[in-house]
There are 2 protein chains.
Amino acid sequence: MSLLVVGSVALDSLETPFGQRQEVLGGSACYFSTCASFFGPARVVAVVGEDFPQEHLDFLASRGVDLAGLVRKPGRTFRWKGRYEFDLNTAHTLDTQLNVFADFKPELPEAYRDSEYVFLGNIDPDLQRTVLEQVRAPRFVACDTMNFWIDSKRDSLLRTLRRVDLLFVNDAEARQLSGEHNIVKAARRILSYGPRAVVVKRGEHGALYFSGSEVFAASAYPLLDVFDPTGAGDSFAGGFMGYLARSGVEEPMVMRRAIVLGSVLASFAVEQFSLERLRHLTADEIRGRYAEARQLAHFDDLEDDVLGTER
Amino acid sequence: MSLLVVGSVALDSLETPFGQRQEVLGGSACYFSTCASFFGPARVVAVVGEDFPQEHLDFLASRGVDLAGLVRKPGRTFRWKGRYEFDLNTAHTLDTQLNVFADFKPELPEAYRDSEYVFLGNIDPDLQRTVLEQVRAPRFVACDTMNFWIDSKRDSLLRTLRRVDLLFVNDAEARQLSGEHNIVKAARRILSYGPRAVVVKRGEHGALYFSGSEVFAASAYPLLDVFDPTGAGDSFAGGFMGYLARSGVEEPMVMRRAIVLGSVLASFAVEQFSLERLRHLTADEIRGRYAEARQLAHFDDLEDDVLGTER
């Protein structure tokens, strides 16, 4: 497999009802590549500053992540500071310091240009296309975005969408992007923009997948404790794309398993701050929660004689 | 099967973004008994006024509903007037006229006292227990409630809950009743109040079922058009209890099918105003949507070799 991710590497400061952390490892590329690493190595395109701790790079390398495309630039690393309220659904940004991320121009090492699977993390859609243009013949391209780009760079985002196979969005973003409140109509509209599949993430309510006439609903694993929702979406994408790249086929049942695995990885990521839970996560734990997800959603056929005859 | 329902019979006036209706058939007992009627007859305990149209009684009778416990009292029928905003999730009550419902004292005809399955619709929890006291040996009792009773008659509601097998609530009610925000903790707390099972309805996000260590997540069928959410909860309960009473066993897989059928009946109920969609619904359509729900939620086991070896 060859899986490429472009995104952020960040130092996050977080406040949740359960505690706080200062300058811990974060960023879409870190969550994504760590989750994908359970299935195979990912190639990272990102930028950090001179102050970025070597121990974080050592951790990613220990997960088999390819860091040839991670450049260190003069200046400070991207920092994000956020607070979550009691319901943990909405992140309130308290401070954003782009630092070296402000001038990020993704450049792929020559060895990355043959990547088959590509994940365009939530960055400026202009930059997302810059990455795509450097990949020779991508087989499957997935992309993330957010309300900020939908609002401020809609035309550029639509140009990116014409070139991707799958879009990850949450339900609010799906509504904003499509102008449709009904989520089925929103998904159909988004498919008309170019992607052949869309995954609508609904947090604790799971995820919906739409592609042609195919619809799949994955329930989220109901968690007793959610500590830190940061990185849930990128963990979902990492599990999804890691599995997809490992499988090497994009048939419907593979996509369904990929969505459940994405949901499983996200469910682990939110159990502790930063990437702490992912650091000591095992393949057996992923298998176990996948089996629980099957048990959670399973029901069988209806008996023949249980509905009354037509009146 | 012998299935009893106590609840309201109402004339509803509705405003939705898609249109409005004046004084159409409504009320928990009507939605419940009509949905249950696909599986077998239900016995109704309710009250109407002198002005209640005979055609509505004829319709219920045509569905095999037993109306021996439906009394007609001097005065006007219960009326509810509500408006739904664009998101269709929240009902805003514009007017409530209790009329004959204000002095409702549920009295069971002698023939109803052997009922095995009982649904206590969303009425004063004092009255719910009055009904239970008239049933000789109920086998399975389910109950609905709402924020008004949780707030104003909490002690009485807790007394009712000690005597029921299953509680239907939506997620906001589950949180209000338990004082727990996390839905898993909320469900566990509610189970400690007495019921051996709880169904948490989440509207377009489906439903969760908790009983002991058993958890089941049913996805809602994603609908293109939702016209009128009135009666969705009672339709869910009607499909659930109708199927359960017909099955006659309360084993885990039966409960799972019952939840999916409840979700299926609710999905039809909201497609048109009042009970209009249910009037011309067929058993084949119910079977068809159940099959679609299976397809919607289905995914298979993970391959053995897809996760990397432990690092």
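Conventions we followed
Residues numbered from 1 in each chain as written. Chains lettered and ligands numbered in written order. Predicted model: local features only at pLDDT ≥ 70, side-chain atom pairs only at ≥ 80, totals over all residues. Heavy atoms only, no water. Contact = heavy atoms within 4.5 Å. Buried area = accessible area lost by both parts, 1.4 Å probe. Salt bridge = Lys/Arg side-chain N within 4 Å of Asp/Glu carboxyl O. Polar contact = N/O pair within 3.5 Å; in protein donor to acceptor, adjacent residues only side chain to side chain. Helix = DSSP H or I, 4+ residues; strand = E, 2+ residues; numbered from the N terminus. Nonpolar A, V, L, I, M, F, W, Y, C, P; charged D, E, K, R; others polar. Buried < 20%, exposed > 50% of the residue type's maximum accessible area, 1.4 Å probe, protein only. Pairing = 2+ DSSP bridges. Right-handed = clockwise from strand over helix to strand, strands pointing away. Phe/Tyr/Trp six-rings, centres within 6.5 Å; stacked < 30°, edge-to-face > 60°.

Would you take a moment to explain the interface of chain A and chain B for this structure?
Interfaces are often sized by the amount of accessible area the parts lose when they come together. Counting from both sides, the interface comprises 59 residues of chain A and, opposite them, 59 residues of chain B. Roughly 5,800 Å² of surface becomes buried between chain A and chain B when both sides are summed, with 52% attributable to carbon and sulfur atoms. For the pair chain A and chain B, the interface holds eight salt bridges. Put simply, A:Asp301 and B:Arg294 hold a salt bridge, and the shortest N to O gap is 2.8 Å. Our count for the contact surface shared by chain A and chain B stands at 34 residue pairs in polar contact (both at pLDDT 80 or more). Elements with a minimum of two residues in the side of chain A that touches chain B: helix H6 (171–178), helix H7 (183–192), strand S13 (214–218), helix H8 (232–247), helix H9 (252–269) and helix H11 (283–297) of chain A. It is H11(A) that contributes the most residues to the side of chain A that touches chain B, 10 residues altogether. The residue inventory of the side of chain A that touches chain B, partitioned by class, reads 25 nonpolar, 12 polar and 22 charged.

What is the right way to read the pairing of strand S9 (residues 140–144) of chain A from this model?
For a regular strand, the rule is simple: side chains alternate between the two faces of the sheet. Residues and elements named next belong to chain A. By the criterion of burial, S9 is predominantly enclosed, with five of the five residues buried. In terms of strand pairing, strand S8 (residues 117–120) meets S9 through four bridges, oriented parallel. Its bridge partner being in S9, tyrosine 117 is matched across the sheet by phenylalanine 140. Crossover S8 to S9 through helix H3 (residues 125–134) is right-handed.

Looking at this structure, I do not really get the packing of aromatic side chains. What am I missing?
Centre-to-centre distance and the angle between the planes together describe a pair of aromatic rings. Residue and element names in this part refer to chain A. Evaluated as defined, the whole model comprises 25 aromatic pairs over all chains. Relative to phenylalanine 119, the ring of phenylalanine 32 has its centre 4.5 Å away and its plane inclined at 0°; by these criteria the two rings are stacked. Of this pair, phenylalanine 32 sits in helix H1 (residues 28–36) while phenylalanine 119 sits in strand S8, and the two are 87 residues apart along the sequence. Geometrically, the ring pair formed by phenylalanine 39 and tyrosine 243 is edge-to-face, given 6.1 Å between the ring centres and 75° between the ring planes.

Interpretation in functional terms is not warranted from these geometric data alone.
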